Amino acid sequence: MKIYKTYKFRLYPSKEQQELINKTLGCTRFIYNTMLYEKEKLYKENKIIKSKKDCLKELPHLKQTYPWLMEVDSMALANTIFDLEVAIKNFYRTKNYPKYKDKYSKNSYRTNYIKNIYKNRMYENIKLDMTNKTITLPKLKKMKIRGYRKTKEIKGRIINATISKEINRYYVSILYEKNLEEKNIIPKTIIGIDLGVKDLVITSFGEKYENKKYITKYEKKIKNLQKWLSKKEKYSKNYCKIKSKIKETYKKLKNARKYIIHKITKEIVNTNDLIITETLQTKKLIEKKEMSKYISDASLSEIIRQLEYKSKWQNKHYYQINTYYPSSQICSHCNTKNKELKDLNKRKWTCSKCNNENDRDINAAINIMWEGLINNTKLFT
Ligand SMILES: [Zn+2]
């Protein structure tokens with residue numbers, strides 16, 4: 001089985017290299033906006049949808065008109081056209097129309113790995129050296145990188161590299177294709193997981209991983225800043241100031257969230273063979289009110305995403321139980337469904353049959369574990 005894995009490094013370009021990266025970012029933005037404008041124009045005037053191929057054909061002409069486009073990585077320019085195509089395809093699904101890019105937009109470009117053999121010598125346009133911690137990228141040449149300190153070598157085939165700029169810091173993400181050796185593991189350890197808001201993850205072993213306070217702090221800060229922003233005149237000096245503050249806080253929130261979630265999911269997948277969760281849909285059905293109080297449920301979908309792929313990488317089993325399974329209403333001690341249990345926000349409840357006092361979340365996690373186990377008996381043979 002083939003799997004794809006991304007490695008993100010901090011990049012340390014020299015002054016000249018920084019200039020070239022910034023220039024490339026500017027050029028890709030220019031291509032994106034130009035093509036989007038032309039597509040719109042052609043559609044409005046002639047009801048013709050300009051194809052990706054036509055856009056690509058136009059690149060050489062654009063380079064002649066604007067010679068500065070020739071100074072940057074041409075693969076990055078072509079990839080921008082592919083990205084625009086994806087953005088337009090997404091629009092049909094999500095109704096989010098592709099926006100023109102400005103300096104607040106996501107600042108990154110992508111280049112593909114190419115290997116050439118010339119006079120019996122191999123040339124690669126992307127070269128990663130984990131011993132000396134350097135990377136060579138098209139047009140940019142060699143640069144220092146930092147990250148994955150303990151990794152001596154990354155196995156697999158490089159597909160592409162994405163160079164990004166985040167508040168004056170530079171990064172490179174390298175996508176690898178790897179061959180995964182498939183093994184059939186008979187589960188010896190099983191875990192059921194209930195996903196929450198205050199506690200992010202609650203396990204059938206009774207452990208709770210809380211949503212760290214500083215994450216809630218960042219979320220509140222963003223909310224306040226957005227309130228402020230709505231009161232300011234658009235594109236005024238203060239407006240721009242708040243806007244970049246929001247962007248900065250988002251970035252901090254994203255990183256903090258990622259760090260915590262990686263730690264939690266790593267621990268769970270390393271120590272268990274069969275991992276069972278509910279679906280995110282279930283959570284939304286049950287805790288609509290509680291969920292809507294928070295800015296996003298991005299953390300929960302990220303946990304599910306990571307559990308899923310990390311399980312796959314380690315040949316472990318991941319399973320999601322049916323959306324309508326009433327994990328919160330069943331007493332995990334006597335298996336009675338407490339239908340009258342309406343207020344699901346109560347942290348503890350007493351079973352009407354066995355009188356057992358159940359912790360809402362741990363009880364749900366245990367039920368999720370059993371339900372998953374019943375549906376996966378074939379794994380044990
Ligand atoms: Zn009971």
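Residues numbered from 1 in each chain as written. Predicted model: local features only at pLDDT ≥ 70, side-chain atom pairs only at ≥ 80, totals over all residues. Heavy atoms only, no water.

Quick look at the coordination of the zinc ion
- Around the zinc ion, the protein contributes the donor atoms Cys331 (SG), Cys334 (SG), Cys351 (SG) and Cys354 (SG), at 2.3 Å from the metal centre.
- Considering all four donor atoms around the zinc ion, angles at the metal cover 105 to 114° and the coordination shape is tetrahedral.
- Using a relative accessible area of 30% as the deciding quantity, one classes Cys334 as partly exposed. (Donors = N, O, S within 2.8 Å, 3.2 Å for Na, K, Ca; no water. Tetrahedral: all angles 85-135°; square planar, octahedral: opposite > 155°, others 65-115°. Buried < 20%, exposed > 50% of the residue type's maximum accessible area, 1.4 Å probe, protein only.)

Considerations on the domain arrangement of the chain
- Assigned domains within the chain: domain 1 (1-180) and domain 2 (190-380).
- Relative to domain 2, the C-alpha centre of domain 1 lies at a distance of 34 Å.
- Counting residues at the interface gives 10 residues for domain 1, matched by eight residues for domain 2.
- Contact between domain 1 and domain 2 buries roughly 910 Å² in total, counting both sides, with carbon and sulfur atoms accounting for 69%.
- The largest contributions to the domain 1 side of the interface with domain 2 come from Tyr104, Ile167 and Leu180, which together make up 54% of the buried area.
- Our count for the contact surface shared by domain 1 and domain 2 stands at one salt bridge.
- A salt bridge links Lys251 to Glu166, with the shortest nitrogen-to-oxygen separation between them at 2.2 Å. (Domains from an automatic or database assignment. Contact = heavy atoms within 4.5 Å. Buried area = accessible area lost by both parts, 1.4 Å probe. Salt bridge = Lys/Arg side-chain N within 4 Å of Asp/Glu carboxyl O.)

Comments concerning the side chain of Asp73
- Following the sequence through the fold, Asp73 ends up in the loop between helix H2 (52-65) and helix H3 (74-94).
- Of the buried charged residues, Asp73 lacks a salt bridge, with Lys139 as the closest side chain of opposite charge at 7.2 Å.
- A distance of 2.6 Å separates the side chain of Asp73 from the side chain of Thr111, its partner in a polar contact.
- Setting aside residues up to four positions removed in sequence, Asp73 forms contacts with Tyr109, Thr111, Pro138 and Lys139. (Helix = DSSP H or I, 4+ residues; strand = E, 2+ residues; numbered from the N terminus. Lys, Arg positive; Asp, Glu negative; His and termini not counted. Polar contact = N/O pair within 3.5 Å; in protein donor to acceptor, adjacent residues only side chain to side chain.)

A look at the pattern of salt bridges
- Throughout the structure, instances matching the rule amount to 15 salt bridges.
- Between Arg305 and Glu302 there is a salt bridge whose closest N-O contact spans 3.0 Å. Of the two residues, Arg305 and Glu302 are both situated in helix H8 (residues 298-313); the distance of three residues between them amounts to about one turn of the helix.
- For Arg305, a relative accessible area of 44% translates into the label partly exposed.
- Each of the salt bridges in this network shares a partner with another, and the network as a whole consists of Asp199, Arg347, Arg360 and Asp361.

Some remarks on the pairing of strand E2 (residues 108-112)
- Residues Tyr109 and Thr111 of E2 are buried on one face, while the alternating residues Ser108, Arg110 and Asn112, pointing to the opposite face, are not.
- As defined by bridge partners, E2 adjoins strand E8 (residues 157-166) across five bridges and the pair is classed as antiparallel. In the strand pairing of E8, Ser108 is matched with Ser164. (Pairing = 2+ DSSP bridges.)

Remarks on the packing of aromatic side chains
- Using the criterion set out here, one finds 10 aromatic pairs in the structure.
- Plain terms: the ring middles of Phe30 and Trp68 are 5.1 Å apart, the flat faces sit at 65° to each other, and that makes the pair edge-to-face. Of this pair, Phe30 sits in helix H1 (residues 15-46) while Trp68 sits in the loop between H2 and H3, placing them 38 residues apart in sequence.
- In this structure Trp68 comes out as partly exposed when scored by relative accessible area, which is 36%.
- Summarising the aromatic geometry, the rings of Tyr66 and Trp68 are spaced 5.4 Å apart at their centres and angled 50° between planes, so their arrangement reads as tilted.
- Feature note: the residues Tyr7, Phe9, Tyr148 and Tyr176 constitute an aromatic cluster, connected by ring pairs.
- The positively charged end of Lys8 is found above the aromatic ring belonging to Tyr171, 4.8 Å away from the centroid.
- When the ring centre of Tyr32 is taken as origin, the NZ or CZ atom of Lys101, which lies over that ring, is 4.5 Å away. (Phe/Tyr/Trp six-rings, centres within 6.5 Å; stacked < 30°, edge-to-face > 60°. Lys NZ or Arg CZ within 6 Å of the ring centre and 35° of its normal.)

Thoughts on the packing of helix H5 (residues 237-271) against H8
- H8 packs onto H5 with a crossing angle of 40° between their chain directions and a minimal axis gap of 9 Å. By the criterion of interaxial angle, the relationship of H5 to H8 is oblique. Like other packed secondary-structure pairs, H5 and H8 cross with a definite hand, here right-handed. Every residue of H8 that contacts H5 at Arg257, Ile261, His262, Thr265, Lys266, Ile268 and Val269 is listed here: Ala298, Ser299, Glu302, Ile303, Gln306, Leu307, Tyr309, Lys310 and Ser311. (Axes fitted to C-alpha atoms, helices over the stretch in contact; angles between N-to-C directions. Parallel < 35°, antiparallel > 145°, perpendicular 65-115°, else oblique. Left-handed = near helix turned anticlockwise from the far one by under 90°.)

Description of the sheet that holds strand E7 (residues 141-146)
- Spatial ordering of the open sheet is given by E2-E8-E9-E1-E7-E6-E5, a layout of seven strands whose pairing is antiparallel. Lying at the two open borders of the sheet, with one neighbouring strand each, are E2 and strand E5 (127-129). Within this sheet the neighbouring strands show an average axis-to-axis angle of 30°, counted without direction.
- Strand direction decides the pairing type here: E8 and strand E9 (residues 169-179), joined by nine bridges, are antiparallel. Considered in E9, the bridge of Lys165 is made with Tyr170.

Structural notes on the sheet that holds strand E12 (residues 208-210)
- The strand order across the open sheet formed by five strands is E12-E11-E10-E13-E14, and the pairing between neighbours is mixed. Pairing within the sheet leaves two strands with one partner each, and these edge strands are E12 and strand E14 (317-320). Taken over all neighbouring pairs, the strand axes of this sheet differ in orientation by 20° on average, direction set aside.
- Two elements, strand E10 (residues 190-195) and strand E11 (residues 199-203), share three bridges in a ladder whose sense is antiparallel. In the sheet register, Asp194 faces E11, and the bridge partner there is Ile202.
- Against the sheet, helix H9 (residues 360-374) makes contact with E10, E11, E12, strand E13 (274-277) and E14, and its axis sits at roughly 130° relative to E10, the strand it touches most.

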